[in-house]
Amino acid sequence: MPIDPKRLAVFLREAEGLRKRVGETPLPIAEHNAWVDRMSAYFAEQDAEEYLVRLSDFSGMTFYGDGSERSRMSNSIDGRSRRLHEFIKEISGAQAPLQLHQAPPTENPIFILKPSFFGFGIDLRAGWKKVAKWLWPSAQ
């Protein structure tokens, strides 16, 4: 079964509730652990080992804190929330933003921005080709 983004959104709402409770004494550690267990069980049910492994892997993320229990719990919630957002983005098939040096998805662009020694340059070959076809239609 595919991963349901709506189910991941429910986990994110639960994370927000836990985040609001980080200031409580004693900390809601049991609720946090139950939240992690529910997510792990969901990914295991869906036979999605790749998501299950990444859920608790915070490599590549930067966290700030004082090393206290409260700070570690906050970092745990934040790291897993970031992963859930990544999963939703991957599942929804969201495309990466268009890079400046890529041609826009048109059939025949008039000019293309390209990186150059001075920053960005304009490639006018497509425009010249159109002009050439208009001036010399038999030379195709």
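Up top is the structure.
Residues numbered from 1 in each chain as written. Predicted model: local features only at pLDDT ≥ 70, side-chain atom pairs only at ≥ 80, totals over all residues. Heavy atoms only, no water.

Regarding the pattern of salt bridges
Argument step 1. Throughout the structure, instances matching the rule amount to 9 salt bridges.
Argument step 2. Across the salt bridge formed by Arg21 and Glu24, the nearest N and O atoms sit 3.0 Å from each other.
Argument step 3. Here Arg83 and Glu86 are joined by a salt bridge, their closest N and O atoms 3.0 Å apart. In this pair, Arg83 and Glu86 are both assigned in helix α4 (residues 69-92), 3 residues apart and thus about one turn of the helix distant.
Argument step 4. Residue classification places Arg83 among the buried positions, given a relative accessible area of 8%.
Argument step 5. The class of Glu86 is partly exposed, set by a relative accessible area of 29%. (Salt bridge = Lys/Arg side-chain N within 4 Å of Asp/Glu carboxyl O. Helix = DSSP H or I, 4+ residues; strand = E, 2+ residues; numbered from the N terminus. Buried < 20%, exposed > 50% of the residue type's maximum accessible area, 1.4 Å probe, protein only.)

Quick notes on the nonpolar core
Argument step 1. Within the largest apolar cluster, 20 residues are counted, with the highest numbers of intra-cluster contacts made by Leu8, Trp35, Phe43 and Leu84.
Argument step 2. Looking at this core, the elements that each hand over two or more residues are α1 (5-20), α2 (29-45), α3 (49-55) and α4.
Argument step 3. Beyond its immediate chain neighbours, meaning those up to four positions away, Trp35 contacts Phe11, Glu14, Ala15, Leu18, Ile77, Arg80 and Leu84. (Core = buried A, V, L, I, M, F, W, Y, C linked by side-chain atoms within 4.5 Å. Contact = heavy atoms within 4.5 Å.)

Notes on unusual backbone geometry
Argument step 1. Here the amide bond leading from Thr25 into Pro26 is cis, since omega sits at -5 degrees, within 30 degrees of zero.
Argument step 2. Residue position: Pro26 is located in the loop between α1 and α2.
Argument step 3. In this model, Asp47 sits at a positive phi of 55 degrees, which is unusual for a non-glycine residue.
Argument step 4. By relative accessible area, Asp47 is classed as exposed at 68%.

Comments concerning the packing of α1 against α2
Argument step 1. As a packed pair, α1 and α2 sit with axes 11 Å apart at the nearest point and diverge in direction by 170 degrees. By the criterion of interaxial angle, the relationship of α1 to α2 is roughly antiparallel. Residues Arg7, Leu8, Phe11, Glu14, Ala15 and Leu18 of α1 touch α2, and the partners they reach there are Glu31, His32, Trp35, Arg38, Met39, Tyr42 and Phe43.
Argument step 2. Residue classes in the contact of α1 with α2 are distributed as 8 nonpolar, 1 polar and 4 charged. (Axes fitted to C-alpha atoms, helices over the stretch in contact; angles between N-to-C directions. Parallel < 35°, antiparallel > 145°, perpendicular 65-115°, else oblique. Nonpolar A, V, L, I, M, F, W, Y, C, P; charged D, E, K, R; others polar.)

Focus: the packing of aromatic side chains
Argument step 1. Enumeration over the complete set of coordinates arrives at 6 aromatic pairs.
Argument step 2. With 5.8 Å between their ring centres and 65 degrees between their planes, Phe11 and Tyr42 make a pair best called edge-to-face. Within this pair, whereas Phe11 is found in helix α1, its partner Tyr42 is found in helix α2, the two being separated by 31 residues in sequence.
Argument step 3. Between Tyr51 and Phe87, the aromatic rings sit 4.7 Å apart at their centres with planes inclined by 85 degrees, giving edge-to-face as the arrangement. Residue Tyr51 is located in helix α3, and its partner Phe87 is located in helix α4; the two are separated by 36 residues in the primary sequence.
Argument step 4. The buried category is assigned to Tyr51, whose relative accessible area is 13%. (Phe/Tyr/Trp six-rings, centres within 6.5 Å; stacked < 30°, edge-to-face > 60°.)

Here we look at α2
Quick reminder: α-helices carry 3.6 residues per turn. Residues three or four places apart thus point the same way.
Argument step 1. Spanning 17 residues, α2 covers 24 Å between terminal C-alpha atoms, matching the ideal 24 Å at 1.5 Å per step.
Argument step 2. If you check which residues of α2 are buried, you get His32, Trp35, Val36, Met39, Tyr42 and Phe43. Down the axis of α2, the smallest arc covering the buried residues is 125 degrees, so these residues share one side. Exposed residues lying more than 90 degrees from the buried face of α2 are Ala30, Asp37 and Glu45.
Argument step 3. The inward-facing, buried residues of α2 abut α1, α3 and α4.
Argument step 4. Two residues or fewer after α2 comes Asp47, characterised by a positive phi angle close to 55 degrees. (Expected span 1.5 Å × (residues − 1). Arc of directions from axis to C-beta.)

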